[in-house]
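A structural walkthrough
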Amino acid sequence: MVIWSVSGIAIKNALLVLPPFTMIILRFVPSVLLMLVIGLICRKSTLFALQKIELRDLPLFIIAGFCQPFLYYMLETFTYDALNSPTIAETLLSTSPLLSPLFAAVLLRERVTRNNILGIIVSTLGVFILTLVGSNNYSIGNYWGILLAFAAVSAAVIDSVMMRKVPAKYTSLTFIFYAQLISLFFFVPIWLWKEGPEAIILLKDTIYNQETQIALGCVAYLTVFASVVAFILFCAALRQVGVTKANAFNNIRPAFTALWMLIFFGEHLPTGKWMGIILIIFGLFVCQKQEKNKNN
């Protein structure tokens, strides 16, 4: 989550120069190739080995790749376009922990405790306080944006469920590699239609510009850390603690983003935002707390 908390800053800077689908292609094609190299080198590793998938498990990988990165990124873009306030959009897109217990209970028969629910509610309240305090724009805009935001969150949670449902014999790298590879089959046709090779030609002409080099540096961060390292770690963690507990940590991302903005960009954090950060962290501790077994 610390790695992903920088992703929003990196994406914002990359999009100042790069068209959105071109940025996605430049991000995920190298990440797939990087995982291919890592998988071939670490063939005996329990975490980084790249394995062949059996035909009967292929639908799980297809659903995962379709839901995230593809569907989530598409719906996220439309959400920001439909809603007037980026703050409102960011808040709605941070609600995956609220939906995780429902999906986990229905699709995985995962046990959801009172501490899980209470911790998620407290932590999510902290997210709302953190993102809304100090914002002056609360107009909604197109109300379809709210539905798009929750559809995006649902896609992300379903991807988490697929991580859990994929047999444990597959390594985390194997799951992430095939999910991102499959997503490219959806992304590439849209890129060719919307932006096409003209974007690469434009990039080639501006490669020596400082702004372009900064944008490419941001994409490199997204490729190596956000798309490979963080996804592999999250997949491994999710298999250990389950969908509900793992997704609860998504609430900590806005808190870390706020801290990075304070440290590196000098953005002021009012008292209300610090209260939001404290609630997020407290809620995460409550969510992870084990309930006592009355029979023990």
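Notes on the structure follow. Worth saying up front: this structure is predicted, and the values here are computed from it rather than measured.

Observations concerning unusual backbone geometry
Along the chain, Q68 connects to P69 via a cis peptide bond; the corresponding omega equals 25°. Residue placement: P69 occurs in helix 3 (residues 58-82). Here R109, not a glycine, exhibits a phi torsion of approximately 55°, which is positive. Residue R109 is classed as exposed on the basis of its relative accessible area of 68%.

Here's the deal with the pattern of salt bridges
Per the counting criterion, the structure on display carries four salt bridges. A salt bridge links E54 to R56, with the nearest nitrogen and oxygen atoms 2.9 Å apart. Overall, the relative accessible area of 35% leaves E54 in the partly exposed class. Relative accessible area serves as the criterion here: at 67%, R56 is assigned to the exposed category. Among the salt bridges present, the one from K169 reaches D57, with a minimum N-O distance of 3.9 Å. Taken together, the positions of K169 in the loop between helix 7 (144-165) and helix 8 (172-194) and D57 in the loop between helix 2 (20-41) and helix 3 put the pair 112 residues apart, joining distant regions of the chain.

Let's talk about the nonpolar core
Among the nonpolar cores identified, the biggest contains 62 residues, and M163, F175 and I176 are the most heavily contacted of them. Among the elements of the structure, helix 1 (7-14), helix 2, helix 3, helix 5 (96-108), helix 7, helix 8, helix 10 (210-241) and helix 11 (243-248) are those that each provide at least two residues to this core. For this core, the element with the highest residue contribution is helix 10, accounting for twelve residues. Setting aside residues up to four positions removed in sequence, I176 forms contacts with M35, M163, S227, F231, I232 and C235.

Brief notes about helix 12 (residues 252-265)
An ideal rise of 1.5 Å per residue puts 20 Å on 14 residues; helix 12 measures up with 19 Å between its terminal C-alpha atoms. I252, P254, A255, A258 and M261 are the residues of helix 12 that are buried. Those residues of helix 12 that are buried lie in contact with helix 1, helix 6 (114-132) and helix 13 (271-288). Just past helix 12, the residue G266 takes up positive phi, approximately 70°.

Focus: the packing of aromatic side chains
Inspection of every chain in the model, using the stated rule, returns 16 aromatic pairs. Relative to Y178, the ring of F177 lies with its centre 5.0 Å away and its plane at 80°, an arrangement referred to as edge-to-face. Both residues of the pair, F177 and Y178, belong to the buried class. Arranged with centres 6.3 Å apart and planes meeting at 45°, the rings of W260 and F264 form a pair that is tilted. Residue W260 and its partner F264 are located together in helix 12, separated by four residues, close to a single helical turn. An aromatic cluster is defined as three or more aromatic residues linked by ring pairs; in this entry it consists of F28, F66, F70, Y72, Y73, F186 and F187.

Focus: the side chain of S96
One can find S96 in helix 5. Owing to a relative accessible area of 8%, S96 belongs among the buried residues under this scheme. Setting aside its immediate chain neighbours within four residues, S96 contacts V153, V157, N247 and N250.

Criteria and cut-off values
- Residues numbered from 1 in each chain as written.
- Predicted model: local features only at pLDDT ≥ 70, side-chain atom pairs only at ≥ 80, totals over all residues.
- Heavy atoms only, no water.
- Helix = DSSP H or I, 4+ residues; strand = E, 2+ residues; numbered from the N terminus.
- Buried < 20%, exposed > 50% of the residue type's maximum accessible area, 1.4 Å probe, protein only.
- Salt bridge = Lys/Arg side-chain N within 4 Å of Asp/Glu carboxyl O.
- Core = buried A, V, L, I, M, F, W, Y, C linked by side-chain atoms within 4.5 Å.
- Contact = heavy atoms within 4.5 Å.
- Expected span 1.5 Å × (residues − 1).
- Phe/Tyr/Trp six-rings, centres within 6.5 Å; stacked < 30°, edge-to-face > 60°.

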